Amino acid sequence: ADGTARTVAMALEENDRRVRIKRYDDDNCRVFKTVPLDLPEGWRGDVNYSTRSKGGRMNFDALPSDAENRRYCGVLLLREGDALAQEDSSPDELRALMKECLPQFEPFVNDENLNNIAKKPASRLPGFRYVGPRIHKADRVVLLGDAIHTVKPYFGLGANSAFEDVTSLDKCLDEHDNGADALKAFSRARAPEAKALVQISRGFDRPGFRGFVSFILPIILDSIFHAKFPKVFGPNTIASLQRRDTFVRVRWNKRRDRLLQVAVLGSGLYLAASSVRLLARLALSTPAARRTSLIGA
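Since this is a predicted model, take the numbers as computed values, not measurements. (Residues numbered from 1 in each chain as written. Predicted model: local features only at pLDDT ≥ 70, side-chain atom pairs only at ≥ 80, totals over all residues. Heavy atoms only, no water.)

K.L.:
Whenever I open this one, the packing of helix H5 (residues 179–203) against helix H8 (residues 247–284) confuses me. Can you help?
P.N.:
What describes two packed helices is the angle between their axes and the distance between those same axes. Interhelical geometry of H5 versus H8 gives an angle of 55 degrees and a closest axis separation of 8 Å. Between H5 and H8, the angle falls in the class oblique. Read as a crossing pair, H5 and H8 show a hand that is left-handed. For the pair H5 and H8, the contacting residues are Pro192, Glu193, Lys195, Ala196, Leu197, Gln199 and Ile200 in the first and Phe247, Val248, Val250, Arg251 and Arg255 in the second. When its residues are assigned to classes, the contact of H5 with H8 shows seven nonpolar, one polar and four charged. (Axes fitted to C-alpha atoms, helices over the stretch in contact; angles between N-to-C directions. Helix = DSSP H or I, 4+ residues; strand = E, 2+ residues; numbered from the N terminus. Parallel < 35°, antiparallel > 145°, perpendicular 65-115°, else oblique. Left-handed = near helix turned anticlockwise from the far one by under 90°. Contact = heavy atoms within 4.5 Å. Nonpolar A, V, L, I, M, F, W, Y, C, P; charged D, E, K, R; others polar.)

Take a look at the structure:
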């Protein structure tokens with residue numbers, strides 16, 4: 001496992017046509033700067049905090065690094081061309097942005113840390129990529145973690161999936177007598193999961209209208225349909241992933257839900273249109289309507 005560099009994966013791709021790296025163009029490029037936070041008493045130190053600005057200029061996520069002392073590592077996400085994403089940007093402008101968009105966190109960033117944040121260059125997030133359908137070579141090489149599935153770290157899916165890779169590999173090694181069979185079984189088990197993970201995660205990251213269609217609208221539909229018919233429709237994708245279901249199963253369930261939702265909405269629209277046409281015909285069939293039509297003629 002060589003992480004997002006994929007040196008080993010690229011070497012395997014050159015020598016085995018069954019090892020392929022699928023790379024997606026990043027159409028929603030973001031960069032980030034880290035923000036150290038020491039929260040005061042009264043704040044919980046064991047939860048994640050997240051917010052985004054109106055208009056989408058910035059996202060902010062704070063993850064606990066020392067829960068007992070309420071010490072957090074904040075991640076400020078900005079667009080690549082944003083003035084505050086540049087090296088040696090203005091501390092005063094950064095302070096003003098935090099006061100406007102992060103008033104609950106701004107008082108906990110002292111001037112020294114603020115100046116350091118403004119001074120340092122931003123770091124890039126990895127792009128979306130996965131390897132498959134084979135993620136091993138004979139009994140000698142196997143790919144794990146970011147080497148087979150690279151996603152942006154918004155929901156912790158990449159790290160959690162890397163742990164699942166290790167667990168799956170351990171299980172395959174225990175269940176097979178030799179390394180070659182074990183790694184074949186590992187490829188069969190984890191390559192589809194890597195593909196589904198990256199495709200699901202990329203759907204969360206599309207910009208503009210595509211992001212609304214692939215992320216916001218499905219969450220709205222899932223919330224409505226799951227609340228009304230919980231035995232038929234599942235929860236939204238993020239909630240489904242938190243239930244520790246597999247990525248492949250979550251993707252399949254959501255595709256099934258989309259087809260059923262389209263069928264229900266389409267049937268409702270058809271019935272509504274049919275009802276309007278029927279009412280119009282009934283209205284035109286009355287004696288008063290016929291007399292009006294004759295007078296008009």
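K.L.:
Just checking my understanding: could you explain the pairing of strand S5 (residues 71–79) for this structure?
P.N.:
Side-chain positions along a regular strand alternate between the two faces of the sheet. In this sheet, S5 lies alongside strand S2 (residues 30–38) in antiparallel orientation, the contact comprising nine bridges. Along S5, the bridge assignment pairs Lys33 with Leu76. Where strand S4 (residues 58–66) meets S5, eight bridges bridge the pair, whose relative direction is antiparallel. Across the sheet, the residue bridging to Asn59 is Leu77, located in S5. Counted between consecutive antiparallel strands, the loop separating S4 from S5 contains four residues, among which Arg70 sits at a positive phi close to 55 degrees. (Pairing = 2+ DSSP bridges.)

K.L.:
Just to check I follow, could you spell out the nonpolar core for this structure?
P.N.:
One finds Leu37, Met58, Phe60, Leu76, Leu94 and Leu102 to be the most contacted residues of the largest nonpolar core, which totals 23 residues. Broken down by secondary-structure element, the contributors of at least two residues to this core are S2, S4, S5, helix H2 (91–101) and helix H3 (111–119). In terms of residues, this core owes the most to one element, H2, which gives four residues. When sequence neighbours within four positions are dropped, the list of residues in contact with Leu37 reads Phe60, Ala62, Arg70, Arg71, Tyr72, Phe105, Phe108 and Val109. By size, the runner-up hydrophobic cluster in this structure holds 17 residues, among which are Leu12, Val19, Leu143 and Leu144. (Core = buried A, V, L, I, M, F, W, Y, C linked by side-chain atoms within 4.5 Å. Buried < 20%, exposed > 50% of the residue type's maximum accessible area, 1.4 Å probe, protein only.)

K.L.:
Any chance you could explain the sheet that holds strand S6 (residues 123–124) here in plain terms?
P.N.:
One key point about sheets: their strands pair by backbone hydrogen bonds, in either a parallel or an antiparallel sense. Read across the sheet, five strands follow the order S3-S4-S5-S2-S6 without closing on themselves; strand pairing throughout is antiparallel. If you trace the sheet from one side to the other, it starts and ends with strand S3 (49–52) and S6, each paired once.

K.L.:
I tried to follow the pattern of salt bridges on my own but got confused; where do I start?
P.N.:
If charged atoms from side chains of opposite charge come close, those side chains can pair. Under the counting rule described, the total for this entry stands at 21 salt bridges. Residue Arg249 pairs with Asp245 through a salt bridge whose shortest N-O separation is 3.9 Å. With a relative accessible area of 29%, Asp245 lands in the partly exposed category. Residues joined by salt bridges that share partners form a network here, namely Asp222, Lys254, Arg256, Asp257 and Arg258. (Salt bridge = Lys/Arg side-chain N within 4 Å of Asp/Glu carboxyl O.)

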